[in-house]
Amino acid sequence: MRGAVQGVGFRPFVFRLATELELTGWVNNSARGVTIELEGPENRLERFLLRVGPEKPPRSFIQSLEYSYLDPSHYKSFEIHESDQTGDKTALILPDIATCPDCLNDMRDSKNRRYLYPFTNCTNCGPRYSIISALPYDRPNTTMSGFVMCEECRDEYENPRNRRFHAQPNACPKCGPHIELLDAKGKVEQSSHEALLAAAEGIRNGLIVAVKGIGGFHLMVDARNDKAVRKLRQRKGREEKPFALMYPSLETARRECHVTDLEARLLLSPESPIVLLKRHAPADTAVGSISSSIAPGNPHLGIMLPYSPLHHILMDELGFPIVATSGNISDEPICTDEREALTRLGGIAELFLVHNRPIARPIDDSVVRVMMGREMVIRRARGYAPLPVPLKKEMPQIFAVGAHLKNTIAISIGKEAFVSQHIGDLETAQAYEAFENAGADFRKLYDFAPKMLASDLHPGYLSSQFAEKQGLPVTHVQHHYAHILSCMAENEITPPVLGVSWDGTGLGTDGTIWGGEFLEISEYGFRRAGYFRTFPLPGGDKAIREPRRTALGLLFEMYGGKMPEQSAIPSIAAFTSQEMAILKQMLEKSINSHYTSSAGRLFDAVASIIGIRQETKYEGQAAMELEYALDGFDTEASYPFRIDSNSETKIIDWQPMIEEVIKDRRSDALGGLIAAKFHNTMVEIIVEMARSSGKKRVVLSGGCFQNRYLTERAVTRLNAEGFLPCWHQRIPPNDGGIALGQIVAAAMAELKEGNE
Ligand code: ZN
Ligand code: ZN
Ligand code: FE
């Protein structure tokens, strides 16, 4: 926990709350904040988590609360430990913190000098990471350096008893940043509060408004206005990928979605992420509800609440939900600067609500999903980055460049790894530039000179190529191994473990494409303990966007040239006979049809075979829809599978399962039921592999584990069978976690060499 938690009676408060809930463990103070370890039944741990915020001592404030579940240590009592004076406070950069209740009161009080002022902040809240240009964190080292504090602000800043004592971005309407409304040509139409009112009016009238926020621009439209939402989709080049929403309040969000206590805590937390919530009625387009184009066919919505003063004032004015999607075209990095926004977003937005506080670096909104009653960060950016992940050992200075998609970078300093905010898919020149900037930024910010680099094994990734050009030794880390190491690092566990590393794609050590891997991790590296029987992907990357091609590859592997007739299987029916002839030839002559063991592709193939989706409009769509389809089908049933255990490395044969899937489909079983049985089978495969490996600890990582049903069922079944499963919490299971895994792998290789 970080924030105003020192010298305000925080430790005694934690002691009382823990004792009342009959939890054991300890609390201590360090230069970096307060660390608490609690031990007890899960429901009481959750109660602690939900009560610590609302019941904290009056003068304390929690700026960030990061937590994860660890193995029991069998504490006998709860203790207050001595303060830990180690750790350098200056090197710690806080994430941006959502507006605090006191500042909200100031802004809503017509007699306060900050009434309706959109840059109100204090020591407890406001921008941090998004405005820091160098350390130490002092005003001249922030993007506020150009604003000279007025007398009143200076008095607050210098008064130790004031809430704004040393609040670096302290400002008021007299001396601080201001907003302006521009038209698409950049002409100033309004300024100050009038600008905000005009922007709100634009949104009400169905216009697309680009709004400069904390870490970049949002594109905003009225979420109830279907025409406006479709206009935004078309202009942004985003066909079906769900849009994130901003709701005026928790109460209004509850009208649309089911919100648990933990989800409510997350929505209102200092981190204030986008939370994936279950809708009450998926297809409901009744009056007052939102456009059906927001998240087509999706029973979930990504919702956040206002987190900056500007958002609060805007949402108070509007009173209805809006789309608040990253200001970019398709998947490019988020825009941060007015001029850039006018050029890049000029063809999308009709109005631009801008301000003159520069943004030091692009930071997207974070995305979280609750799994097994715990938070899982799917996209780690604003509110979380760049808080470090503690490491078990002192590490050499390593710079990890991450993967290709959902790229993040990471550096290690001493016993900590700093993982960057989400950078994006390195598919465009803009994204690659953002990647290079993020690396340069980290090196400058932390005064960091790497001794070595770590990259993915794939030589074709732009990130890997960048690493080779740095003139330093590079450790090449296998993708799926990195996934497992990242999960182990954040869960603070050590080998031996069995890693289950399931995703779409990654280069294996044998030069083939992996993706459905069981890896036994030791202190010295990993051994491939098993993988899915491989199958071809006709058309390579095209197959990733067309699950029907993946399904065809799978069927070809099963039946060779004698595939079932056209109408029997939706995947085949989705092609014309000419297309089929060409694809069959491709497969028979194995032209551009690489074999893969990918578990992610198996999900795609099944989605296609049972007719859920043949072509996708965004990454992961088919697998997501397969997961959504099983909702409400409560079954323990699963399909048969075969594990070929002739060699050291086991091959899991999915053919018996796929045969049954096809049989079920032919007898008109409901898609949702087949989807549930398929998921259950994948889980039983994990359980069976865990049994045969004999490792107690099973680590679940890779993009497939963003699937809530898969993760929750795997954890439940493994627990029931006496294993100790662990999964991701603060670091994404997808490729956003790869950089952290690369750091650990490179350090292990380095330490091993040092010992020899
Ligand atoms: Zn505040
Ligand atoms: Zn002032
Ligand atoms: Fe991956």
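Bear in mind the structure is a predicted one, so any value in this text is a computation, not a measurement.

A. Up close: the coordination of the zinc ion (ligand 2). Surrounding the zinc ion (ligand 2) are the protein donor atoms Cys150 (SG), Cys153 (SG), Cys172 (SG) and Cys175 (SG), which sit 2.3 to 2.4 Å from the metal. Coordination at the zinc ion (ligand 2) is tetrahedral: its four donor atoms span angles of 105 to 116° at the metal.

B. Spotlight on empty space enclosed by the protein. In this structure the tally under the stated criterion is three cavities of 30 Å³ or more. Space inside the largest cavity adds up to approximately 130 Å³. Along its surface, the largest cavity is lined by 18 residues, and Pro118, Ile214, Ser308, Pro309 and Arg357 are the ones closest to its centre. Each residue belonging to the lining of the largest cavity can be placed in one class, and the counts come to nine nonpolar, seven polar and two charged. Each of domain 2 (93-177) and domain 3 (179-356) contributes no fewer than three residues to the lining of the largest cavity.

C. Just the environment of Val14, in detail. As for its position among the elements, Val14 is in helix 1 (residues 10-20). Here Val14 falls in the buried class, since its relative accessible area comes to 0%. When the C-alpha atoms of Val14 and Pro136 are compared, they prove to be 30 Å apart, with 122 residues separating the residues in sequence. The residues contacting Val14, other than those within four sequence positions of it, are Val27, Ile36, Phe48 and Phe78.

D. Spatial organisation of the coordination of the iron ion (ligand 3). Protein coordination of the iron ion (ligand 3) is provided by His479 (NE2), His483 (NE2), Asp503 (OD) and Asp735 (OD), with donor distances spanning 2.1 to 2.2 Å. Between the donor residues of the iron ion (ligand 3), the gaps in sequence give the motif H-x3-H-x19-D-x231-D. Pair noted here: His479 is in helix 13 (residues 479-490) and Asp503 is in strand 23 (residues 497-507), with a separation of 24 residues, a long-range link. Both residues of the pair, His479 and Asp503, belong to the buried class.

E. Inspection of the pattern of salt bridges at higher detail. The final tally for this structure, using the stated rule, is 52 salt bridges. A salt bridge links Arg601 to Asp604, with the shortest nitrogen-to-oxygen separation between them at 3.1 Å. Of the two residues, Arg601 and Asp604 both sit in helix 18 (residues 599-609), three residues apart, roughly one turn of that helix. For the residue pair Arg601 and Asp604, the accessibility class agrees, reading buried in each case. Through salt bridges that share partners, Arg113, Arg114, Glu152, Glu156 and Lys174 make up one connected network.

The rules behind the values
- Counting from 1, residues in each chain are numbered in the order their sequence is written.
- Here the convention is simple: chains get letters from A, ligands get numbers from 1, in the order in which they are written.
- In keeping with the model being predicted, local features are shown solely for residues with a pLDDT of at least 70 and side-chain atom pairs are shown and tallied solely at 80 or more, while totals for entire chains, interfaces and linings include all residues.
- With hydrogens and water excluded, all non-hydrogen atoms of the structure serve as input to the side-chain values.
- Here a donor is an N, O or S atom found within 2.8 Å of the metal, or within 3.2 Å if the metal is Na, K or Ca; sites may look incomplete because water is not among the atoms.
- Sites are called tetrahedral only when four donors show all angles between 85 and 135 degrees, square planar or octahedral only when four or six donors show opposite pairs over 155 degrees and all other angles between 65 and 115, and irregular in any remaining case.
- With a 1 Å grid spanning the protein atoms alone, the term cavity applies to any set of points in which a 1.4 Å probe fits but cannot get out, the term pocket to an open set with protein on both sides within 12 Å along at least five of seven lines, and the term lining residue to any residue with an atom within 4 Å of a point.
- Grid points are joined across faces, edges and corners, and a volume is the space filled by probe spheres set on the points.
- Throughout this entry, Asp, Glu, Lys and Arg are counted as charged residues, while Ala, Val, Leu, Ile, Met, Phe, Trp, Tyr, Cys and Pro are counted as nonpolar. The remaining residues, Gly among them, count as polar.
- As annotated, the domain borders come from an automatic or database domain assignment.
- In this text, helices come from DSSP runs of H or I with a minimum length of four residues, and strands from runs of E with a minimum of two, each type numbered from the N-terminal end.
- Residue exposure (1.4 Å probe, protein chains only): buried if accessible area is under 20% of the type maximum, exposed if over 50%, otherwise partly exposed.
- Whether two residues are in contact is decided by their heavy atoms: any pair within 4.5 Å suffices.
- By convention in these notes, a salt bridge is any Lys or Arg side-chain nitrogen within 4 Å of a carboxyl oxygen on Asp or Glu.

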